[in-house]
Amino acid sequence: MNAPWKAGTPGGRDPYQAYICDDAALDVLRPVVVEMGWAPEKCNKGGLRNAVLNDINALAEVCEPGTVVIAIGQVNDVRLYRDLLASGIHDYLLKPLQPAMLRDALVNAQAVFSAPKFADASAAKQHISTAVIGTRGGVGASTIATSLAWLFSAENKQPTALLDLDIHFGTGALSLDLEPGRGLTDAIENPSRIDGLFIERAMIRANDNLAILSAEAPINMPLMTDGAAFLQLEEEFRHAFEMTVIDLPRNMLINFPQLLADVNVIVIVTELTLAAARDTIRMLSWLKTNAQHAQVIVVANKVQPGVGEISKTDFESSIERRIDISVAYDLKSAANAAKLGKTFCEANRASKASVAVRDIAKAVMGASDVASEDGAAPAKKSLLGKIDLKSMLSKKSPATAPSAA
Ligand SMILES: Nc1ncnc2c1ncn2[C@@H]1O[C@H](COP(=O)(O)OP(=O)(O)O)[C@@H](O)[C@H]1O
Ligand SMILES: [Mg+2]
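All values derive from a computational prediction rather than experimental measurement.

Caption draft 1: Layout of the sheet that holds strand 5 (residues 128-134). Pairing within the open sheet is mixed, and its 8 strands lie in the order 7-8-6-9-5-10-11-12. On the outer flanks of this sheet lie strand 7 (204-207) and strand 12 (325-328), each paired with one strand and no other. Averaged over all adjacent pairs, the angle separating strand axes in this sheet is 20°, with direction ignored. One ladder, built from 3 bridges, connects strand 7 with strand 8 (residues 210-213); its direction is antiparallel. In the sheet register, Arg205 faces strand 8, and the bridge partner there is Ala211. In the packing of helix 12 (residues 274-290) onto the sheet, contacts are made with strand 5, strand 10 (265-270) and strand 11 (295-303), and the angle to strand 10 comes to roughly 165°.

Laid out in structure tokens, this is it:
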């Protein structure tokens, strides 16, 4: 870390100052600075020595208020990056410096510096970030995520971001009849570019209050990321929107558990099957250890009383917790949404299933009021003896599972 950059006002402050330790980086910086119309003499040799975070605090003491600081370093570590952002650094560039990357960073910093300062007002605004996770594929997690985003944005008029993290097979854009664009792909490839301006440009508008970020990455292109882009996006969303909805495939949860660090509500969507019961148990237990701060809402989707693999009561006893909301199996509504290119709730305003999804939205919006209350009371202990999931799982045939009540 060795290049604090000082932006300036017309009132006599230098537009910038750079402190760079090595000649190679100085050689890249000088021509870019000249392009910006700034004096190259202000690129100083030297820098904050060694320790990164200790000196960040020292730096804050000598910077004039409003100074935008860009750090440069060679440590490629998400935690460091997050710590730097948290300590107020605007951006962190990795060595070796690339002129294009440097130019982008300087232009963005300048834009941030000259933008009207309404940051304080928006920071004070409450933000609810919700992750929707399916216990298995096809349970309807994306259906519910897009519907929640629509309800918050169109009905509640809250500025909402929908982040579809199913990078290859996401349906967030598709279900709203939109093209995903390159926004999310660009973000993953270039996390350091993510800021307010970037999300404004890269996100696709679905309605006046809903912006979505998703991708349809080619299936021969593996996901190459350390997750920094996702964290940075979450951070920017917190400033720019009131609600964030993350469609979070369960494999992403395994690869990037840090994604849940700042999430307020986690909606677990499940179906009432044996396999889903097993995975709900595993996920709830994982969340208990890794996301204690978040409120968990368990939703059973595609519920067909009397026909399911496991009854609701048996499911609840095996997961040792109540299902908070049940959404009926409703093929007609699902088909209608697909045909209209609208979310499940928008396409079927009055259907029973759609009303249940609205209840999820209400539960999310009420979540902040009951912050640490564990979402739902555990199922009555007396039921526990009646069903033994472990023994059911060890039996070969699922036909031996208790039938629906
Ligand atoms: N309550 C429901 N009743 C009937 N079909 C549903 C319901 N919820 C979702 N679906 C359908 O199930 C399929 C899978 O849903 P999707 O949201 O893509 O699941 P996931 O994201 O969990 O893989 C879609 O065709 C969707 O329309
Ligand atoms: Mg999905």
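Caption draft 2: Summary view of the site of ligand 1. Near ligand 1, the surroundings consist of 14 residues, among which Gly138, Ala141, Ser142, Thr143 and Asp330 are the closest. At 2.9 Å, a backbone N or O of Gly140 approaches an oxygen atom of ligand 1. Burial of ligand 1 by the protein amounts to 73% of the accessible area it has alone, namely 570 Å². Listing elements by their share of the shell around ligand 1, those giving two or more residues are helix 6 (141-155), strand 11 and helix 14 (331-340). Broken down by element, the shell around ligand 1 gets its largest block of residues, 3 residues, from helix 6.

Caption draft 3: Focus on the pairing of strand 3 (residues 70-73). Burial along strand 3 is two-sided: the residues Ile70 and Ile72 and Ala71 and Gly73 are all buried. In terms of strand pairing, strand 3 meets strand 4 (residues 91-94) through 4 bridges, oriented parallel. Following the sheet pairing, Gly73 is matched in strand 4 by Leu94.

Conventions adopted
- Residues numbered from 1 in each chain as written.
- Chains lettered and ligands numbered in written order.
- Predicted model: local features only at pLDDT ≥ 70, side-chain atom pairs only at ≥ 80, totals over all residues.
- Heavy atoms only, no water.
- Pairing = 2+ DSSP bridges.
- Helix = DSSP H or I, 4+ residues; strand = E, 2+ residues; numbered from the N terminus.
- Axes fitted to C-alpha atoms, helices over the stretch in contact; angles between N-to-C directions.
- Contact = heavy atoms within 4.5 Å.
- Near = heavy atom within 4 Å.
- Polar contact = N/O pair within 3.5 Å; in protein donor to acceptor, adjacent residues only side chain to side chain.
- Areas by Shrake-Rupley, 256 points an atom, 1.4 Å probe, with all protein chains shown as cover.
- Buried < 20%, exposed > 50% of the residue type's maximum accessible area, 1.4 Å probe, protein only.

Limitation: the analysis is restricted to geometry and does not speak to function.
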